[in-house]
Amino acid sequence: MSKYVLDFEWHFSCFILVIMCMAYASHGFAQRPRGHHRPQTIVSGKVFSTDKTIIDFATVYLRGTNFGCTTNEKGIYHLKAPAGTYTLVVSAIGFDAHEQKIEISEEKQNKYTVVLKPSVTELDEVVVVSNGVSRLKRSAFNAIALDAKSMQNSTLNLSEALAQAPGMKLRESGGVGSDMQLMMDGFSGNHIKVFIDGVPQEGVGSSFGLNNIPVNYAERIEVYKGVVPVGFGADAIGGVINIVTNKNKRNWFMDASYSYGSFNTHKSYVNFGQTFKNGLTYEINAFQNYSDNSYKIDATGVKHFLEGGGSQQNSELVERVKRFHDNYHNEAASGKIGFVDKAWADRLMLGITYSRSYQEIQTDARQTVAFGEKFRKGYSIMPSLEYRKRDLLTKGLDLVLTANYNRNMSNNVDTASYEFNWLGEKRYKNGSLGEVSYQDTRSYNDNWNATVTANYRIGKAHAFTFNHVLNSFHRRNETIEASNANNIAKVTRKNITGLSYRMTPSEKWNLSVFGKYYNQFNAGPVPESSGDNQNYYRNTITCSTLGYGAAGTYFLLKDIQIKLSYEKAYRLPTNEELFGNEDLEQGEFTLRPEKSDNLNLNLSYNRQFGKHSVYVEGGLVYRYTKDYIQRTTENVSGTYYGAYSNHGRVKTKGYNVSARYGYGNWVSVGGNYTEMDVRDDEEFQETGSSRPNLSYGSRMPNLPYKFANSDISFFWQNCGKKGNVLSLTYDNLYMHSFPLFSEAYGSKQNKMMIPTQFSHNLALSYSMKNGRYNLSFECRNFTDEKLYDNFNLQKAGRAFYGKVRVYLGNK
């Protein structure tokens, strides 16, 4: 029997064993006498808007519990919960969430009428129900939302949480703090733009990357796939991720947690704040991550040294070794102070964020050499401003202004007088200093971001949105190298302006049309001649273009919705693609913007039958991209660097499906499957050339094209005591093998492939006193599967983690 069949049977057996254990445990708890639970009382009411319009399909739930429902077509809601004091939360598409303290009594009627205010921007239109994934129901854009609150007892960071969304794949180059890319419907990295509360995160520094921010930081995570609303002002052809934090008025609160796990990994988080009766509010966030990242990997030529430029990978013998120079830690703190609900501002906040990081560099871009002293460190400081006002000067005109300035420094150090092998042994270098090349470079990066978004509503059926985003980047290097390139500043400025019109003639359908203007200015050093690494001159490039698109949605039936969207989109090169990171990433100053025709079709079904809830979704994706910006690797003296280039034409066709079933507050089970066919569609090697491109029609290299995930969770309410919840979750991740390089080259036996991978995780969580005290335990990759990603870089095997979390004050 083949190795692959045995592997499949092993993973399948693990899956069946876990499901049987969970089912048995669930059955055991379910057989408890009914008298164990306290009787539940009905809470009801009606939900209106400020203009007295009934709001149907609003989400109503009691914060910190799994008691919830939605309003019917008359705006009426009914839910059941034990008597006690709760926070009632009501949210709906296009409205700000409402929270109020309520007292549920067994001796009287519990009726609460709620009035919702219209939201300021389109960015707040996602409705999240407790436990899981929900859709942006009436919007024409293909968007979902992940409920981050349900994951806050886990040790996940924001990027790991996003991997649970349909069509999403997390790609990492190693352990804690390693380079990370998110893949969405065949696009990855810079094709996907990240926002926090609608503010672009370009240039914020690695310390504040999604793979370093704990999931507790967010209330929900919005994922816009393909065509995105003008309100983001983004040059994204893959999609947008928007991290939404809790902006509700709260009395004093504190959320604190600490976790410890394998490879000496420590993570901690604290968030506290308060809103006073006069509208003054403040909030503090702080977190840190530390890990030795000392997991084992497979390596060849483990006893070989770099030998003055020769690759260590000159031995076929594969040996298991421990990473020995991969320590990472980062610390970040942010504070905000301002006013809410004033006559002159709904929200005015001033903020300051500071972060720093230290990262040891273990290997190159393809895990072919071992470094023992090379490292990188840096810091970032960022003041910010946020202003929001509804009905500014006239009814229906809403305004949002944001601005931030980010000064960050990155210091790349490679001054070693020794070279190392994979066993951690070292020997003195006879030649020049430095494991790759001698450097002690400080890069000072200045980033300016400013956004303005204005929404104007005309009645109930018409709305206009105007958005403008300015992003400015300036880098200055200080180094010991002799090149004059460091005296020439590296500069890029982006201006993106958008205007959209939305028509909503009825509850059954709506349509949005929009246009965007893109402009970019770049300036930087260019060598005076090919191969000249000493003499550079300043070159400038300016480009501008127009994009446009439309999105529509229609309810075929009450529970069946179809969405169709198209965009002529452009993506401007980022500062890292243009200028690199002054270390193992090489930039390309002459990169052209990507141009893409994006088409998305989506069909969804969402229905609740008593305690049963069913959600099914399927989507088709088509992209035709010109001047596709591709990341590859280049070998320079035995060390592999990341590099960027415009490839030409790339065609993407694919689909994804997802489904989820829930039974009351007891069980949730679901999964996602994605298959994307990303092909080289460039017929000739160069523009105007007659030489055929041998990889024409082949899959683009180093891109996963078939992957899936599934999960099942069980919840035991009032376990041990009223207000306590025990939960058990199993989830898995599957990725089909894919080519490391173009599949058009080499024989079938010699092709380098990233192998098929199937990993499994378990998590047990116990929440006490309605979420005040929380304990959790996780085992990730419990079958110890060998996991690979980005150019064959190996990730950690089996790992264990524990977490303690305390929440005090008002939720």
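Please refer to the structure placed before this passage.
A brief look at the structure comes next. (Residues numbered from 1 in each chain as written. Predicted model: local features only at pLDDT ≥ 70, side-chain atom pairs only at ≥ 80, totals over all residues. Heavy atoms only, no water.)

### Structural notes on the overall build of the protein
Working step 1: Looking only at helices and strands, the protein features three helices and 49 strands.
Working step 2: Going through the 811 residues of the protein one by one, you find that 56% of them count as buried.
Working step 3: Looking at the protein alone, contacts between residues at least 24 apart form 66% of all its contacts between residues at least 6 apart. (Helix = DSSP H or I, 4+ residues; strand = E, 2+ residues; numbered from the N terminus. Buried < 20%, exposed > 50% of the residue type's maximum accessible area, 1.4 Å probe, protein only. Contact = heavy atoms within 4.5 Å.)

### Quick notes on the environment of E785
Working step 1: As for its placement among the helices and strands, E785 is situated in the loop between β46 (773–780) and β47 (788–789).
Working step 2: Note on E785: relative accessible area 16%, which makes it buried.
Working step 3: Each C-alpha atom, one on E785 and one on A796, is 9.0 Å from the other, the two residues being 11 residues apart in sequence.

### Points about the nonpolar core
Working step 1: Of all hydrophobic cores here, the largest spans 31 residues; its most connected members are L162, I221, I241 and I243.
Working step 2: Elements represented by at least two residues in this core include exactly β10 (143–147), α2 (158–162), β11 (168–172), β12 (180–184), β14 (192–196), β16 (220–225) and β17 (239–244).
Working step 3: In terms of residue count, the dominant contributor to this core is α2 (three residues).
Working step 4: With residues near it in sequence (within four places) discarded, I221 still touches I144, A145, L146, L158, A161, L162, I241, N242 and I243.
Working step 5: If you look at the next biggest cluster of nonpolar residues, it comprises 21 residues, including I55, A58, F67 and Y86. (Core = buried A, V, L, I, M, F, W, Y, C linked by side-chain atoms within 4.5 Å.)

### So, the pairing of strand β21 (residues 296–300)
Working step 1: Burial runs high along β21: four of the five residues are buried.
Working step 2: Relative to strand β22 (residues 318–322), β21 runs antiparallel, the two being bridged by five bridges. The partner of I297 across the bridge, within β22, is V321. (Pairing = 2+ DSSP bridges.)

### Section: the sheet that holds strand β2 (residues 59–62)
Working step 1: Spatially, the four strands line up as an open sheet ordered β3-β2-β5-β6, and their pairing is antiparallel. Edge positions in the sheet fall to β3 (68–70) and β6 (98–104), since each has one partner strand and no second. Across this sheet, the average inter-strand angle for adjacent strands is 20 degrees, counted without regard to direction.
Working step 2: In this sheet, β6 lies alongside strand β5 (residues 84–91) in antiparallel orientation, the contact comprising seven bridges. Looking across to β6, one finds that T87 is bridged to K101. (Axes fitted to C-alpha atoms, helices over the stretch in contact; angles between N-to-C directions.)

### Details of the sheet that holds strand β13 (residues 187–188)
Working step 1: Strand order in the open sheet made by the three strands is β11-β12-β13, with antiparallel pairing throughout. The sheet is open, and its two edges are formed by β11 and β13, each paired on a single side.
Working step 2: Across two bridges, the pairing between β12 and β13 is antiparallel. Bridging from a neighbouring strand, M183 pairs with S188 of β13.

### Remarks on the packing of aromatic side chains
Working step 1: On inspection of all chains with the given rule, the structure shows 20 aromatic pairs.
Working step 2: Summarising the aromatic geometry, the rings of F141 and F514 are spaced 6.5 Å apart at their centres and angled 40 degrees between planes, so their arrangement reads as tilted. Linking F141 in the loop between β9 (133–135) and β10 with F514 in strand β32 (residues 509–527), this pair joins segments that are 373 residues apart in sequence. Here F141 and F514 have matching classes, each one buried.
Working step 3: Arranged with centres 5.9 Å apart and planes meeting at 65 degrees, the rings of F263 and Y295 form a pair that is edge-to-face. In this pair, F263 sits in the loop between β18 (253–261) and β19 (265–275) while Y295 sits in the loop between β20 (280–291) and β21, placing the two residues 32 residues apart along the sequence.
Working step 4: Relative accessible area serves as the criterion here: at 1%, Y295 is assigned to the buried category.
Working step 5: Connected via pairs of aromatic rings, a cluster forms that spans F195, Y224 and F232. (Phe/Tyr/Trp six-rings, centres within 6.5 Å; stacked < 30°, edge-to-face > 60°.)

### A few points about a nonpolar patch on the surface
Working step 1: A surface patch of nonpolar side chains, amounting to about 590 Å² of accessible area, comprises W509, L511, V513, Y554, L556, L557 and L603.
Working step 2: Sorting the residues of the nonpolar patch by element identifies β32 and β33 (536–557) as the ones contributing at least two each.
Working step 3: Looking at where L556 falls in the secondary structure, it is placed in strand β33. (Patch = residues over 30% accessible without salt bridge, like charges linked within 9 Å, V, L, I, M, F, W, Y side chains within 5 Å. Areas by Shrake-Rupley, 256 points an atom, 1.4 Å probe, with all protein chains shown as cover. Salt bridge = Lys/Arg side-chain N within 4 Å of Asp/Glu carboxyl O.)

### Let's talk about the side chain of K429
Working step 1: Checked against the element boundaries, K429 lands in the loop between β28 (426–428) and β29 (439–458).
Working step 2: Put simply, K429 is tucked away with no salt bridge, and the nearest opposite charge, on E419, sits 4.4 Å away.
Working step 3: A polar side-chain atom of K429 sits 3.4 Å from the main-chain carbonyl oxygen of G434.
Working step 4: Residues within four places of K429 in sequence aside, it is in contact with A416, S417, Y418, E419 and G434. (Lys, Arg positive; Asp, Glu negative; His and termini not counted. Polar contact = N/O pair within 3.5 Å; in protein donor to acceptor, adjacent residues only side chain to side chain.)

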